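A look at the structure
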Amino acid sequence: MRYRFERDRGMWGSMIPPLVHREGWPFVIACAVVTIVLGLLWGGFLWIGLVLTILCYGFFRDPDRVTSWEGGMVLSPADGVVRSVERVKAPQGVGCDDSEMKRVSIFMSMLDVHVNRIPVKGRVLGLKYSPGRFLNASLDKASVHNERQAIGLETEEGEKVVMVQIAGMVARRIVCDLKVGEEVEAGNRFGIIRFGSCVDVYMPLSADVYVLAGQKMVGGETRIGKLV
């Protein structure tokens, strides 16, 4: 079994990891500037703005995770609660055929970490962005109708796993830093979804699923299944 502790190399060096994802800094800085400016005009807003800035800072937090992974394991790509576990058709255009797969849907609330992580070691087979609506990400139909980014992965053993980043009611930007053909490590960061969303993980029907609806997930740490 392999144990890997991942620590970011931030702008101040490897000893001090960044506390906020790079996508969040513009929002945090904007909130802080508005708070200061309006706070000078009306002192009462200073406290309101401070709370909003802290909430924004907290939303974009990017904590370190300890990844315990071995061949065949599938890790949760996101923090949140399992919305559903079911058999559905695999997403198209990312290196998988039209067969059924097991899907684990993970809903991220506004209070969850929104940085996404790789569930398995392997390589990126395909990427497909689909524009769509912005329904509540906690609804099952969000997986089909909402704006989303599908990512096909192939493990070293040739097994296929698919992730889909799904925008929610408030989310207006899906960030995916992966490229087709790229080699990836389980537990590594690969993107983020702004402000409430969902991530679906598709595994082969032969895979064992370890989680049930309602369970709390920790991205890069919780084992949601095993490829067999």
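Since this is a predicted model, take the numbers as computed values, not measurements.

The next point concerns the overall build of the protein chain. Across its full length, the protein chain holds three helices and 16 strands. Here the protein chain holds 228 residues, and the buried ones make up 49% of them. Residue pairs at least 24 apart in sequence account for 73% of intrachain contacts in the protein chain once pairs closer than 6 positions are excluded.

Glancing now at the packing of helix α1 (residues 25-41) against helix α2 (residues 43-59). The packing of two helices is summarised by the inter-axis angle and the distance between the axes. It is the contact of α1 with α2, at a shortest axis distance of 7 Å, that shows an interaxial angle of 175 degrees. When the axes of α1 and α2 are compared, the pair comes out roughly antiparallel. Between α1 and α2, the contacting residues are W25, F27, V28, C31, A32, V34, T35, L38, G39 and L41 on the first element and G43, F45, L46, G49, L50, T53, C56 and Y57 on the second. A per-class count over the contact of α1 with α2 returns 13 nonpolar, five polar and no charged.

Let's shift gears to the sheet that holds strand β14 (residues 208-209). As summarised here, the arrangement of the three strands in space is β3-β16-β14, forming an open sheet in which the pairing is antiparallel. Whereas interior strands pair on both sides, the edge strands pair on one side only; in this sheet they are β3 (73-75) and β14. With two bridges joining them, β14 and strand β16 (residues 223-226) adopt antiparallel strand pairing. In the strand pairing of β16, V209 is matched with G225.

So, about a nonpolar patch on the surface. Where nonpolar side chains cluster on the molecular surface, the patch consists of W25, I29, V33, V34, V37, L38, L41, W42, I48, V51, L52 and L55 and spans about 1,200 Å² of accessible area. Among the elements of the structure, α1 and α2 are those that each provide at least two residues to the nonpolar patch. For the nonpolar patch, the element with the most residues is α1, which contributes seven residues. Structurally, the position occupied by V51 is in helix α2.

Quick look at α2 now. The end-to-end C-alpha distance of α2 is 25 Å, a good match for the 24 Å that 17 residues give at a rise of 1.5 Å each. Buried residues belonging to α2 abut α1 and β12 (189-193).

In this section: the sheet that holds strand β8 (residues 148-155). In spatial order, the strands read β11-β7-β8-β9-β13-β5-β4-β15; together these eight strands make up an open sheet with antiparallel pairing. Because the sheet does not close on itself, it has two edges, and the strands there are β11 (183-184) and β15 (216-217). Where strand β4 (residues 80-89) lies against strand β5 (residues 100-108), eight bridges are found, and the strand directions are antiparallel. In the strand pairing of β5, V82 is matched with I106.

Moving on, we get to the environment of L38. Inspection of the secondary structure assignment puts L38 in helix α1. Taking C-alpha positions, L38 is 8.4 Å from G49, a pair spaced eleven residues apart along the chain.

A few words on α1. End to end, α1 covers 24 Å across 17 residues, agreeing with the expected 24 Å (1.5 Å per residue, within 8%). Elements in contact with the buried residues of α1: α2.

Let us look at the pattern of salt bridges. Applying the stated criterion across every chain, the model contains eleven salt bridges. Note that R87 is salt-bridged to E100, the shortest N-O span being 3.0 Å. Residue R87 is located in strand β4, and its partner E100 is located in strand β5; the two are separated by 13 residues in the primary sequence. In this structure R87 comes out as exposed when scored by relative accessible area, which is 54%. With a relative accessible area of 35%, E100 lands in the partly exposed category. Here K216 makes a salt bridge to D112, at a shortest N to O gap of 2.5 Å. Of this pair, K216 sits in strand β15 while D112 sits in the loop between β5 and β6 (115-117), and the two are 104 residues apart along the sequence. Linked through salt bridges whose partners overlap, the residues forming this network are D62, D64 and R189.

The rules behind these values
Residues numbered from 1 in each chain as written. Predicted model: local features only at pLDDT ≥ 70, side-chain atom pairs only at ≥ 80, totals over all residues. Heavy atoms only, no water. Helix = DSSP H or I, 4+ residues; strand = E, 2+ residues; numbered from the N terminus. Buried < 20%, exposed > 50% of the residue type's maximum accessible area, 1.4 Å probe, protein only. Contact = heavy atoms within 4.5 Å. Axes fitted to C-alpha atoms, helices over the stretch in contact; angles between N-to-C directions. Parallel < 35°, antiparallel > 145°, perpendicular 65-115°, else oblique. Nonpolar A, V, L, I, M, F, W, Y, C, P; charged D, E, K, R; others polar. Pairing = 2+ DSSP bridges. Patch = residues over 30% accessible without salt bridge, like charges linked within 9 Å, V, L, I, M, F, W, Y side chains within 5 Å. Areas by Shrake-Rupley, 256 points an atom, 1.4 Å probe, with all protein chains shown as cover. Salt bridge = Lys/Arg side-chain N within 4 Å of Asp/Glu carboxyl O. Expected span 1.5 Å × (residues − 1).

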